[in-house]
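Architecture at a glance
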Amino acid sequence: MLQEQEAHAAEMERTFIAIKPDGVQRGLISEIISRFEQKGFKLVAIKIVVPSKDFAKKHYHDLKERPFFNGLCDFLSSGPVFAMVWEGEGVIKYGRKLIGATDPQKSEPGTIRGDLAVVVGRNIIHGSDGPETAKDEIGLWFKPEELVSYTSNAEKWVYGVN
Ligand code: GDP
Ligand code: MG
């Protein structure tokens, strides 16, 4: 049992997920939270904020050479963003699966973008694409004390370890 607990602890990850202004304005916050929550992932931080354009540029710095970069940063800073940190085994990679492909036309039905969005410029949600970006993005959007560590009552049922 101890080995299982150690393996479980070692697999725990955190990822940064944000509902962009289109998802907030369309009333999709609870739908998106539900998908992560019902899967068995654990919410450890939330905030709703209108980011400045400079902040949006920091968030999307990897894309600064892309032609859509300026419009993307204008859009992210145009209204409220619902920022979250989710925790769980494999949550970085599986969070991206729940979200679906970048272009909603290519996202499978059953994914968030597949079910709820139509065009790439209004694809409603952001999710970190790997462990390094998850760490950087969580650090950009949240102070360490805004992340809450707790044991959820569901965990022993989700993971089968106590
Ligand atoms: P993501 O990780 O799936 O969100 O995709 P990327 O990191 O590649 O791009 C970040 C965001 O830029 C996407 O979610 C889209 O909102 C936007 N984006 C990506 N590619 C395009 C594009 O070809 N055109 C436009 N207008 N926006 C794009
Ligand atoms: Mg990305």
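See above for the structure.
Residues numbered from 1 in each chain as written. Chains lettered and ligands numbered in written order. Predicted model: local features only at pLDDT ≥ 70, side-chain atom pairs only at ≥ 80, totals over all residues. Heavy atoms only, no water.

Topic: the environment of leucine 43
Secondary-structure assignment places leucine 43 in strand β2 (residues 42-49). Sequence separation of leucine 43 and arginine 14 is 29 residues, and the distance between their C-alpha atoms is 9.5 Å. Ignoring anything within four residues of it in the chain, the contact list for leucine 43 reads Met84, Val85, Trp86 and Tyr150. (Helix = DSSP H or I, 4+ residues; strand = E, 2+ residues; numbered from the N terminus. Contact = heavy atoms within 4.5 Å.)

Some details on the pattern of salt bridges
Side-chain pairing between opposite charges can occur once the charged atoms of the two side chains come close. This model, assessed by the stated rule, comprises seven salt bridges. In this structure, aspartate 115 and arginine 35 form a salt bridge, with 3.1 Å as the shortest nitrogen-oxygen distance. Of this pair, aspartate 115 sits in helix α7 (residues 112-116) while arginine 35 sits in helix α3 (residues 29-39); the two residues are 80 residues apart in sequence, bridging distant segments of the chain. Accessibility expressed as a relative area gives 38% for aspartate 115, which makes it partly exposed. A salt bridge links aspartate 74 to lysine 53; the nearest nitrogen and oxygen atoms lie 3.0 Å apart. Of this pair, aspartate 74 sits in helix α5 (residues 69-76) while lysine 53 sits in helix α4 (residues 53-59), and the two are 21 residues apart along the sequence. Among the residues examined, aspartate 74 registers a relative accessible area of 38% and is labelled partly exposed. One salt-bridge network, in which partners are shared between bridges, spans Arg14, Lys42, Glu87 and Glu155. (Salt bridge = Lys/Arg side-chain N within 4 Å of Asp/Glu carboxyl O. Buried < 20%, exposed > 50% of the residue type's maximum accessible area, 1.4 Å probe, protein only.)

Considering the site of ligand 1
The local shell around ligand 1 consists of Lys20, Tyr60, Leu63, Phe68, Leu72, Arg96, Thr102, Arg113, Val120 and Asn123. A distance of 3.1 Å is found between an oxygen atom of ligand 1 and a backbone nitrogen or oxygen belonging to valine 120. One nitrogen or oxygen atom from the side chain of asparagine 123 is found 2.8 Å from an oxygen atom belonging to ligand 1. Surface burial for ligand 1 is 73%, taken as the share of its 540 Å² of free accessible area covered by protein chains. Residues belonging to the shell around ligand 1 are distributed by class as follows: five nonpolar, two polar and three charged. (Near = heavy atom within 4 Å. Polar contact = N/O pair within 3.5 Å; in protein donor to acceptor, adjacent residues only side chain to side chain. Areas by Shrake-Rupley, 256 points an atom, 1.4 Å probe, with all protein chains shown as cover. Nonpolar A, V, L, I, M, F, W, Y, C, P; charged D, E, K, R; others polar.)

Some remarks on the packing of α3 against helix α6 (residues 91-99)
For the pair α3 and α6, the least separation of the axes is 11 Å and the interaxial angle reads 135 degrees. Relative to α6, the element α3 is oriented oblique. In this structure, α3 meets α6 at a crossing whose hand is right-handed. Seen from α3, the contacting residues are Arg35, Phe36 and Lys39; seen from α6, they are Tyr94, Gly95, Leu98 and Ile99. When the residues that make up the contact of α3 with α6 are grouped by side-chain class, the tally is four nonpolar, one polar and two charged. (Axes fitted to C-alpha atoms, helices over the stretch in contact; angles between N-to-C directions. Parallel < 35°, antiparallel > 145°, perpendicular 65-115°, else oblique. Left-handed = near helix turned anticlockwise from the far one by under 90°.)

Structural measurements only, silent on function.
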